[in-house]
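Summary of structural features
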Amino acid sequence: MPFRSTNLGRTNLWVPGLLLMLAVAVFWVLTSDPNENPDPAKGRSSSQRESSLELEPIASAVLEKVDLPLDPVRDDLSYQPKFGIVRGRVVAAHWVIWPQAITVSLIPQSGGEAIGISPASEEAPTFRFERVPFGNYTLKLTATECLDQELLLTLSPEQNNHFASIAVVPAASVIGVVVDEMNQPVEKIPVAVVLRSNNPGASQVPLTSLTDENGQFRITGLRDGEFNVYVGSFRNPLSEIQVIGISREAPEAYVSFTVTKMGRATVTVDFLDGTEAATEDWLTMRVLATRSGEGLGFSGSLPLGENGQVVFTALPPGNYSFSAYGGPYRKVIRQASVNADSPTAVTIPMRRFK
């Protein structure tokens, strides 16, 4: 019989170790809290924990709403400024000889003395008036051998800083009268003054004026030199051309003209949109009369009157196109003939365009 050894009465060492580990695991499960959050600060160094504590108040301050102190001036809705500023510059055409003495005054429109007076010159053309009480004023330029120039303005809380340009205009002028063949004054007929240029092909912009009820006219703001003067619209003379000379020694010239008997035309605008449209729109409208066909050309325009009419008191006889325009209207044209013996009446219907 073979030899056999026996282990009865002895236990291997791994069995007690396994039992010990199992006991420790059961004890940990029974004694730990499953809802407990781990402390992120544990396991850090003391310097790291102090640094994280310092950052927490800063992060919370960013998220927190902070009420800043209010500006008492800007937040007070009842606060209103009480003064304004008027400033500007004196200007002149390149050919103007600046006068020796120029003053700019700010005068209340209600009357009284000037709020301020400022000198000006070509070297120092700017002016400035500060702490001006709100109100209506006239800005006035006065200069020797020049026309007084006035500009109306208003200072208010909404418009408290004005900048204005005001021009130096020489007082040199041409004056005269226009009559017809019957020696009757011709009213509201244009007169043109054009500088005679030495530059070939140069075109000069004319200065124009209408005669008054006495047939008289005055055109100011002329420079030194020679001028063509005639009755009629630009490039369409109705009279002979007269040549005058203007200089500092002779700043005023006189001329007189005789023209053929003129015709008269009354143009009425018929507002098809009713009385309300007529009441609102007449201020923005004009009527143009243009002579066509043979003979001397002519054109002239006048603003529409409150009654919806325009009266042309001095039209050279001929065939005309009368056109009304302006405001919310397309131009409408009507044809008519004008003669010197009887007045002409024209009606132009007008309807607002959508």
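A short tour of the structure in this document, coming up.

1. A look at the overall build of the protein
- Regarding its fold elements, the protein presents 4 helices and 22 strands.
- Counting every position in the protein, which comprises 354 residues, the buried fraction comes to 31%.
- Within the protein, residue pairs in contact and separated by at least 24 positions form 60% of the contacts whose partners lie at least 6 positions apart.
- Summing over all exposed atoms, the protein offers an accessible surface of approximately 23600 Å²; the carbon and sulfur share of this is 54%.

2. Digging into the packing of aromatic side chains
- Following the criterion strictly, the structure yields 4 aromatic pairs and no others.
- For the pair phenylalanine 127 and phenylalanine 129, a centre-to-centre distance of 6.1 Å together with 45° between the ring planes defines the contact as tilted.
- For phenylalanine 127, a relative accessible area of 4% puts it in the buried group.
- Look at phenylalanine 129 and you get buried, because its relative accessible area is 7%.
- Note on phenylalanine 312 and phenylalanine 322: the rings are 6.1 Å apart at their centroids and 50° apart in plane angle, and the pair reads as tilted. Of this pair, phenylalanine 312 sits in strand β19 (residues 309-315) while phenylalanine 322 is found in strand β20 (residues 318-325), placing the two residues 10 residues apart along the sequence. Comparing phenylalanine 312 with phenylalanine 322, the two get one shared label, buried.
- Between the NZ or CZ atom of arginine 131 and the centre of the ring of phenylalanine 83, over which it lies, the distance is 4.1 Å.
- Just above the ring of tyrosine 325 sits the side chain of lysine 331; from NZ or CZ to the centre is 5.5 Å.

3. Focus: the sheet that holds strand β2 (residues 102-108)
- Taken in spatial order, the 4 strands of this open sheet run β3-β2-β5-β6, and their pairing is antiparallel. Whereas interior strands pair on both sides, the edge strands pair on one side only; in this sheet they are β3 (116-120) and β6 (149-155). Each neighbouring strand pair of the sheet contributes to a mean axis angle of 20°, computed without reference to strand direction.
- In terms of strand pairing, β2 meets β3 through 5 bridges, oriented antiparallel. By the bridge assignment for β3, serine 105 is matched with isoleucine 117.

4. Overview of the pairing of strand β22 (residues 344-350)
- Burial along β22 is one-sided: the face carrying Thr344, Val346, Ile348 and Met350 is buried and the face carrying Ala345, Thr347 and Pro349 is not.
- Where strand β16 (residues 263-271) lies against β22, 7 bridges are found, and the strand directions are parallel. The residue of β22 that forms the bridge with phenylalanine 271 is methionine 350.

5. Re the sheet that holds β20
- With antiparallel pairing, the 4 strands of this open sheet are ordered in space as β18-β17-β20-β21. Each end of this open sheet is capped by a strand with a single partner; those strands are β18 (299-303) and β21 (332-338). Averaged over all pairs of adjacent strands, the angle between their axes in this sheet comes to 20°, without regard to strand direction.
- Direction of pairing for strand β17 (residues 286-292) relative to β20: antiparallel, over a ladder of 7 bridges. From the neighbouring strand, leucine 288 faces β20, where its bridge partner is serine 323.

6. Regarding the pairing of strand β12 (residues 225-233)
- Buried residues dominate β12, accounting for 7 of its 9 residues.
- Bridging between strand β9 (residues 190-195) and β12 involves 5 bridges; their strand directions are antiparallel. Its bridge partner lying in β12, valine 191 is registered against valine 231.
- Across 5 bridges, β12 lies against strand β14 (residues 242-246) in antiparallel orientation.

7. Digging into the nonpolar core
- Counting residues in each nonpolar core, the largest one holds 48 residues, and the members touching the most others are Val178, Phe312, Leu315 and Phe322.
- With residues near it in sequence (within four places) discarded, leucine 315 still touches Met262, Gly263, Ala265, Ala289, Phe298, Tyr320, Phe322 and Val338.
- Grouped together as the second largest cluster of nonpolar side chains are 21 residues, Val90, Ile102, Cys146 and Val168 included.

8. Examining the pattern of salt bridges
- Tallied over the full model, the rule gives 7 salt bridges.
- Between arginine 196 and glutamate 226 there is a salt bridge, and its shortest N-O distance comes to 3.6 Å. Here arginine 196, found in the loop between β9 and β10 (207-210), pairs with glutamate 226, found in strand β12; they are 30 residues apart in sequence, far enough to count as distant.
- Taking the relative accessible area as the measure of exposure, arginine 196 reaches 39% and is therefore partly exposed.
- When its relative accessible area of 45% is taken as the criterion, glutamate 226 is described as partly exposed.
- Residues glutamate 252 and arginine 218 are paired through a salt bridge, measuring 3.2 Å at the closest nitrogen-oxygen approach. In this pair, glutamate 252 is assigned in strand β15 (residues 252-259) and arginine 218 in strand β11 (residues 216-220), connecting sequence segments 34 residues apart.
- Among the residues examined, glutamate 252 registers a relative accessible area of 46% and is labelled partly exposed.
- One network of salt bridges, with partners in common, ties together Glu280, Asp281 and Arg352.

9. Considerations on the environment of glutamate 123
- Here glutamate 123 shows up in the loop between β3 and β4 (126-133).
- Here the alpha-carbon distance between glutamate 123 and tryptophan 98, two residues 25 residues apart in the chain, equals 10.0 Å.

10. Overview of the environment of glycine 88
- With respect to the helices and strands, the residue glycine 88 is situated in strand β1 (residues 83-91).
- For the pair glycine 88 and isoleucine 166, spaced 78 residues apart in sequence, the C-alpha to C-alpha distance is 7.8 Å.
- Aside from chain neighbours lying at most four places away, what touches glycine 88 is Pro125, Thr126, Phe127, Phe163 and Ala164.

How each quantity is defined
- Position numbers for residues count from 1 along each chain, tracking the sequence in the order it is written.
- Note on the predicted model: pLDDT of at least 70 is required for a residue's local features to be given, and 80 or more for side-chain atom pairs to be given and counted; whole-chain, interface and lining totals, by contrast, use all residues.
- For side-chain calculations, the full set of non-hydrogen atoms in the structure is used, while hydrogens and water are omitted.
- Secondary structure elements follow DSSP: runs of H or I no shorter than four residues count as helices, runs of E no shorter than two count as strands, and numbering proceeds from the N terminus.
- For every residue, the accessible area (1.4 Å probe, protein chains only) is compared with the maximum for its type, and the residue is labelled buried under 20%, exposed over 50%, or partly exposed between those bounds.
- Should any heavy atoms of two residues lie within 4.5 Å, those residues are counted as being in contact.
- Using the Shrake-Rupley algorithm and a 1.4 Å probe, accessible areas are obtained, with residue cover drawn only from the displayed protein chains.
- Two rings from Phe, Tyr or Trp (for Trp, the six-membered ring) form a pair when their centres are within 6.5 Å of each other. A pair whose planes differ by under 30 degrees is stacked, one over 60 is edge-to-face, and the rest are tilted.
- Our definition puts a charge over a ring when NZ of Lys or CZ of Arg is within 6 Å of the ring centre and also within 35 degrees of the ring normal.
- Pairs of strands are assigned from DSSP output, requiring at least two bridges between the strands.
- What counts as an axis is a line fitted to C-alpha atoms, over the stretch in contact for a helix, and the angles between N-to-C directions run from 0 to 180 degrees.
- Here, the term nonpolar core denotes a set of buried Ala, Val, Leu, Ile, Met, Phe, Trp, Tyr and Cys residues that are joined through side-chain atoms within 4.5 Å.
- By salt bridge we mean one thing: a side-chain nitrogen of Lys or Arg within 4 Å of a carboxyl oxygen of Asp or Glu.

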